[in-house]
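Below are the chains, spelled out letter by letter.
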Amino acid sequence: MFLTNNKTYRALEIAELYKKRWEIEVFFNFLKQNLNFSHLLSHHYNGMQVEMYMALISAILILVYKKENNLSGYKITKLKMALELESLLIKEVVIICGGDPNKADDVWAPS
């Protein structure tokens, strides 16, 4: 049944619902195009929630990074952000290991 066939809603309510639906479509299109979020991996409600929250957090971080660094487009933004995060992670591992690369395995080993 189409929403427009529902006689309990007024025309303005139906228009508002379609407008909200369109905003959701635009958001999912953003996730698919810019975050490669094409489908949910989990079939469980909790897993789907975690995936959606991760996508939302990633989108927010990318948008903030883009704005803070005056970047345009998302491909370059994602690439620069990933490289910067990788660099920061490597620096942290070096600090934790005290500069000894042989201690790096201990960092990743479960405690």
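Please refer to the structure placed before this passage.
Residues numbered from 1 in each chain as written. Predicted model: local features only at pLDDT ≥ 70, side-chain atom pairs only at ≥ 80, totals over all residues. Heavy atoms only, no water.

## Considerations on the nonpolar core
Within soluble globular proteins, side chains that are nonpolar generally end up buried alongside one another. Counting residues in hydrophobic clusters, the biggest one holds 11 residues: F30, L31, L35, F37, M52, A55, A59, I62, Y65, L71 and M81. When contributions to this core are tallied by element, the ones reaching two or more residues are α1 (11-35) and α2 (45-68). Sort the elements by how many residues they give to this core and α2 lands first, with five residues. In contact with F30, not counting residues within four places along its chain, are L35, A59 and Y74. (Core = buried A, V, L, I, M, F, W, Y, C linked by side-chain atoms within 4.5 Å. Buried < 20%, exposed > 50% of the residue type's maximum accessible area, 1.4 Å probe, protein only. Helix = DSSP H or I, 4+ residues; strand = E, 2+ residues; numbered from the N terminus. Contact = heavy atoms within 4.5 Å.)

## A look at the pattern of salt bridges
Enumeration over the complete set of coordinates arrives at two salt bridges. Here R10 ties to E13 by a salt bridge, and the two come within 4.0 Å at their closest N and O atoms. Judged by relative accessible area, R10 falls into the exposed class, the value being 56%. In this structure, R21 and E25 form a salt bridge, with 3.8 Å as the shortest nitrogen-oxygen distance. You can see R21 and its partner E25 sitting in helix α1, four residues apart, about one turn around the helix. (Salt bridge = Lys/Arg side-chain N within 4 Å of Asp/Glu carboxyl O.)

## Things to note about unusual backbone geometry
Unlike most non-glycine residues, N70 shows phi in positive territory, near 50°. Within the secondary structure, N70 is located in the loop between α2 and α3 (75-97).

## Some words on α1
For α1, spanning 25 residues, the distance from its first C-alpha to its last is 36 Å, which sits close to the expected 36 Å at 1.5 Å a residue. Of all the residues in α1, the buried ones are I14, F30, L31, N34 and L35. Along its buried surface, α1 packs onto α2 and α3. Within two residues after α1, N36 carries a phi angle of roughly 55°, on the positive side. (Expected span 1.5 Å × (residues − 1).)

## As for the environment of K67
Looking at the secondary structure, you find K67 in helix α2. Classification of K67 by relative accessible area gives exposed; the value is 67%. C-alpha of K67 to C-alpha of T8: the two residues are 59 residues apart in sequence and 44 Å apart in space.

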